[in-house]
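Single-letter residue listing:
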Amino acid sequence: MSKRRYAIYDVFADKVLAGNPLAVVFDAEGLDDTAMQRIAREFNLSETTFLLSPTNPLHRANVRIFTPGYELPFAGHPTVGTAIALTQAAAEAGEQHAGIFVLEEKVGPVRCAVTRNGELAFAEFDLPKLPEQLPLSASAEAIGAALGLDAQEIGFENHRVGLWSAGVPYITVPVASLAAAGRARLDGPAWLDLAPTREGGAPACAYVYTRETTAKDCAFHARMFVPGSPGYEDPATGSAAAAFAGAIQHFDRPVDGPGQYWIEQGMEMGRPSRIRLELDIEQGRIATARIGGHAVKFAEGTLAV
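Residues numbered from 1 in each chain as written. Predicted model: local features only at pLDDT ≥ 70, side-chain atom pairs only at ≥ 80, totals over all residues. Heavy atoms only, no water.

Q: Go over the overall build of the protein chain, please, and point to the residues and values.
A: Within the protein chain, the regular secondary structure consists of six helices and 17 strands. Based on the C-alpha atoms only, the size of the protein chain along its principal axes is roughly 55 × 45 × 35 Å. Across the 305 residues of the protein chain, 57% fall into the buried class. Relative to all contacts within the protein chain whose residues are 6 or more apart in sequence, the contacts with residues 24 or more apart total 64%. On the protein chain, the mean spot of the 26 positive side-chain charges and the mean spot of the 36 negative ones are 2 Å from each other. (Helix = DSSP H or I, 4+ residues; strand = E, 2+ residues; numbered from the N terminus. Buried < 20%, exposed > 50% of the residue type's maximum accessible area, 1.4 Å probe, protein only. Contact = heavy atoms within 4.5 Å. Lys, Arg positive; Asp, Glu negative; His and termini not counted. Charge placed at Lys NZ, Arg CZ, Asp CG, Glu CD.)

Q: Report on unusual backbone geometry, specifying residues and quantitative values.
A: We note that Asn44 has phi near 60 degrees; this positive angle belongs to a residue other than glycine. In this structure, Asn44 sits in the loop between α1 (33–43) and β3 (47–52). A positive phi angle, near 55 degrees, is found at Gln283, a position not held by glycine. Counting through the fold element by element, Gln283 comes out in the loop between β16 (273–282) and β17 (285–303). The class for Gln283 is exposed, based on a relative accessible area of 75%.

Q: Please set out the nonpolar core residue by residue, giving values where relevant.
A: Considering soluble globular proteins, one finds that nonpolar side chains tend to be buried as a cluster. Formed by 61 residues in total, the largest nonpolar core has its most connected members in Tyr207, Ile263, Leu279 and Ile291. For this core, the leading source of residues is helix α6 (residues 238–252), giving nine residues. In this view, Ile263 contacts Tyr207, Cys218, Phe220, Ala222, Ala241, Phe244, Ser273, Arg274, Ile275 and Leu277; residues no more than four positions away in its chain are not counted. If you look at the next biggest cluster of nonpolar residues, it comprises 21 residues, including Ile143, Ala146, Leu163 and Ala181. (Core = buried A, V, L, I, M, F, W, Y, C linked by side-chain atoms within 4.5 Å.)

Q: Describe the pairing of strand β13 (residues 220–226), with residues and values.
A: With seven of seven residues buried, β13 lies mostly within the body of the structure. Burial of the side chains of β13 extends over both faces: Phe220, Ala222, Met224 and Val226 are buried on one face and His221, Arg223 and Phe225 on the other. Across five bridges, the pairing between strand β12 (residues 205–210) and β13 is antiparallel. Bridged to Thr210 within β13 is His221. Bridging between β13 and strand β15 (residues 257–265) involves three bridges; their strand directions are parallel. Residue pairing in the sheet places Ala222 in a bridge with Gln265 of β15. Both β13 and strand β14 (residues 232–234) contribute to a ladder of three bridges, which runs antiparallel. Bridging from a neighbouring strand, Met224 pairs with Asp234 of β14. The turn linking β13 back onto β14 is made up of five residues, and Gly228 within it adopts a positive phi angle of 160 degrees. (Pairing = 2+ DSSP bridges.)

Q: So, the environment of Phe125: which residues are in play, and what are the values?
A: Topologically, Phe125 is positioned in strand β8 (residues 120–126). Residue classification places Phe125 among the buried positions, given a relative accessible area of 1%. Along the backbone, Phe125 and Gly201 are 76 residues apart, and their C-alpha atoms lie at a distance of 27 Å. Dropping the residues within four chain positions of it, Phe125 is found in contact with Phe74, Gly76, Thr79, Val80, Val110, Arg111, Cys112, Ala289, Arg290 and Ile291.

Q: If you had to explain the packing of aromatic side chains to someone new, which residues and values would you point to?
A: Scanning the entire structure with this criterion turns up nine aromatic pairs. Centre to centre, the rings of Phe74 and Phe125 are 5.7 Å apart; their planes meet at 75 degrees, and the pair counts as edge-to-face. Here Phe125 lies in strand β8 and Phe74 lies in the loop between β5 (71–72) and α2 (76–92), a separation of 51 residues in the sequence. The same class applies to Phe74 and to Phe125, which are both buried. Centre to centre, the rings of Tyr209 and Phe244 are 4.5 Å apart; their planes meet at 50 degrees, and the pair counts as tilted. Within this pair, whereas Tyr209 is found in strand β12, its partner Phe244 is found in helix α6, the two being separated by 35 residues in sequence. Linked through ring pairs, Phe156, Tyr207, Tyr209, Phe220, Phe244 and Tyr261 together constitute an aromatic cluster. Between the NZ or CZ atom of Arg5 and the centre of the ring of Phe26, over which it lies, the distance is 4.6 Å. Its end group placed over the ring of Trp262, Arg274 keeps NZ or CZ at 4.5 Å from the ring centre. (Phe/Tyr/Trp six-rings, centres within 6.5 Å; stacked < 30°, edge-to-face > 60°. Lys NZ or Arg CZ within 6 Å of the ring centre and 35° of its normal.)

In structure tokens, the structure reads:
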């Protein structure tokens, strides 16, 4: 029986018991897809990452990302948490590694940068795929109803419901106020009837956002709902923020140059999270974009598998 190291990190937060928890299995060599899926189901966190030797020796690791039910090609909080976990594990072992490196994910190579301020670490990554708008046939009224909201609560300024993806698709749902965001409740069966499915059959999730925030330095307040049996709310979703970058560019038309947006999430769950989104705009389009955040270790141990 093998012993495999693991750690649990709280991601997009600078303290434990906040943000989005992530399990990182460091020694995943020899595990097949079925075993990884079973271990992710045993952890029962929104995502678990498994670290393998990279196919390119210049890269840091090959990363597999699993929810309790299926594998993801890319996800934001697993990328941030894994980058910080690798950096801290190397430091604890007395090894020296560059603060900029590449992780191999199903979506492709992901360039990461990690900085440390004492015990607190911050990681950011370049979006491996820029956001694109996808066709959405469901009406805004139907989407609002599936979230328990009235039609007049959907949309603000020129922001409208859309389907965006930067590797994982999300239905982005602008709402008029914090109060409306707080009332949102996902009706799973109704949502499954209208949400398009992504590769593997999983439905697109709901990303509810408003420009009203609880923190003065944040640009948006967000909630993310995952349909299923049962469905759940996610406290911090980097891949959704990556997709949402497309909606920001499309509706807000930021001027050319760099721009930075802090997004708060998880407030309604008692798991406050902060995600940093950076956009580089050239000729009115997104040229590059980055997602960043802190992560802190909550637990560590070994798996007897």
